[in-house]
Amino acid sequence: GRLGLGAADDDAHPTAAQLAALGSGVVQVAAGFDFSAALTAGGEVYLWGRNVYGQMANGECSGSSCSPRGQNVADPARVAALGTDTVQLALGGFHALALKQGGAVFSWGKGDFGRLGLGDEDNRLSPTEVTSLGTDNAYVAAQTYASMAPKSDGRRFNRGFNQNNPPGDGTQQ
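Residues numbered from 1 in each chain as written. Predicted model: local features only at pLDDT ≥ 70, side-chain atom pairs only at ≥ 80, totals over all residues. Heavy atoms only, no water.

### Topic: unusual backbone geometry
Link 1 in the chain: Its identity is not glycine, yet Asp34 carries a phi of approximately 75°, on the positive side.
Link 2 in the chain: By the element assignment, Asp34 lies in the loop between strand S1 (26–31) and strand S2 (35–40).
Link 3 in the chain: A positive phi is found at Ala57, a non-glycine position, where the angle reads about 55°.
Link 4 in the chain: Secondary-structure assignment places Ala57 in the loop between strand S3 (45–49) and strand S4 (73–78).
Link 5 in the chain: In this structure Ala57 comes out as buried when scored by relative accessible area, which is 7%. (Helix = DSSP H or I, 4+ residues; strand = E, 2+ residues; numbered from the N terminus. Buried < 20%, exposed > 50% of the residue type's maximum accessible area, 1.4 Å probe, protein only.)

So this is what it looks like as structure tokens:
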């Protein structure tokens, strides 16, 4: 279902996803590993795809260690918990970040390596504010095992796996 076409089948040819039905127009799309997202002009977030670690932000997951068991999502589903004030999205391997109006950052999904920036390695099944980042974040970025939130004054805060220096602090684990 990561293609947002309402089915779990593979598609070898470009196909127009039905994102126009998402309301006020899609202004951003993002892709993680096995899941995708869309942000509308009205600040709403929609997710679809594989929900192994809580990537769908709906309080569920489908991985073997998850409780309660959730379902993968084949059609774009609105993330009501994020409201209507999201301005930017970033998807990593199995986690996601949302930047809100005012600069607050929310994260959810797989939490190992500290990639969610929440001070632990727990998975989050719904969006959780990264309060340690404050509200002066300019944008969010994510990669497979790490997250970044550059500040409006140019400072940069990184979280996650530190092999090959993704955090940018000159160290390596």
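### Here's the deal with the pattern of salt bridges
Link 1 in the chain: Evaluated as defined, the whole model comprises 7 salt bridges.
Link 2 in the chain: We note a salt bridge from Asp85 to Lys100, for which the minimum N-O separation is 2.5 Å. You can see Asp85 sitting in the loop between S4 and strand S5 (86–91) and its partner Lys100 sitting in strand S6 (residues 95–100), a full 15 residues away along the chain.
Link 3 in the chain: On the accessibility criterion, Asp85 (27% relative accessible area) is partly exposed.
Link 4 in the chain: Exposure remark for Lys100: the relative accessible area of 7% places this residue in the buried category.
Link 5 in the chain: Among the ionic pairs, Arg124 bridges to Asp120, the shortest N-O distance being 2.9 Å.
Link 6 in the chain: Relative accessible area serves as the criterion here: at 17%, Arg124 is assigned to the buried category. (Salt bridge = Lys/Arg side-chain N within 4 Å of Asp/Glu carboxyl O.)

### Considerations on the sheet that holds S3
Link 1 in the chain: In spatial order, the strands read S1-S2-S3-S4; together these 4 strands make up an open sheet with antiparallel pairing. Edge positions in the sheet fall to S1 and S4, since each of these pairs with one other strand and no more. For this sheet, the mean inter-axis angle between neighbouring strands, taken without regard to orientation, is 15°.
Link 2 in the chain: The pairing of S2 with S3 spans 5 bridges and is classified as antiparallel. Directly across from Ser36, in S3, lies its bridge partner Trp48. (Pairing = 2+ DSSP bridges. Axes fitted to C-alpha atoms, helices over the stretch in contact; angles between N-to-C directions.)

### Some points on the sheet that holds S5
Strand pairing in a sheet is mediated by backbone hydrogen bonds. Such pairs are either parallel or antiparallel.
Link 1 in the chain: Taking strand neighbours across the sheet as the criterion, the 4 strands line up as S5-S6-S7-S8 in an open arrangement whose pairing is antiparallel. A strand with exactly one partner marks an edge of an open sheet, and here the two such strands are S5 and strand S8 (124–129). Across the sheet, the axes of successive neighbouring strands diverge by a mean angle of 15°, strand direction being ignored.
Link 2 in the chain: Alignment of S6 against strand S7 (residues 105–109), held across 5 bridges, turns out to be antiparallel. Within the sheet, the bridge partner assigned to Ala98 lies in S7 and is Phe106.

### Re the packing of aromatic side chains
Link 1 in the chain: Under the defined criterion, the tally for this structure stands at 3 aromatic pairs.
Link 2 in the chain: When the ring of Phe33 is compared with that of Phe94, the centres are 5.2 Å apart and the planes differ by 65°; the resulting orientation is edge-to-face. Placement of Phe33 in the loop between S1 and S2 and of Phe94 in the loop between S5 and S6 is noted, with a sequence separation of 61 residues between them.
Link 3 in the chain: Given a relative accessible area of 18%, Phe94 falls into the buried group.
Link 4 in the chain: On the numbers, 5.2 Å between centres and 75° between planes, the contact of Tyr53 with Phe94 is edge-to-face. (Phe/Tyr/Trp six-rings, centres within 6.5 Å; stacked < 30°, edge-to-face > 60°.)

All we've got here are geometric facts, nothing functional implied.
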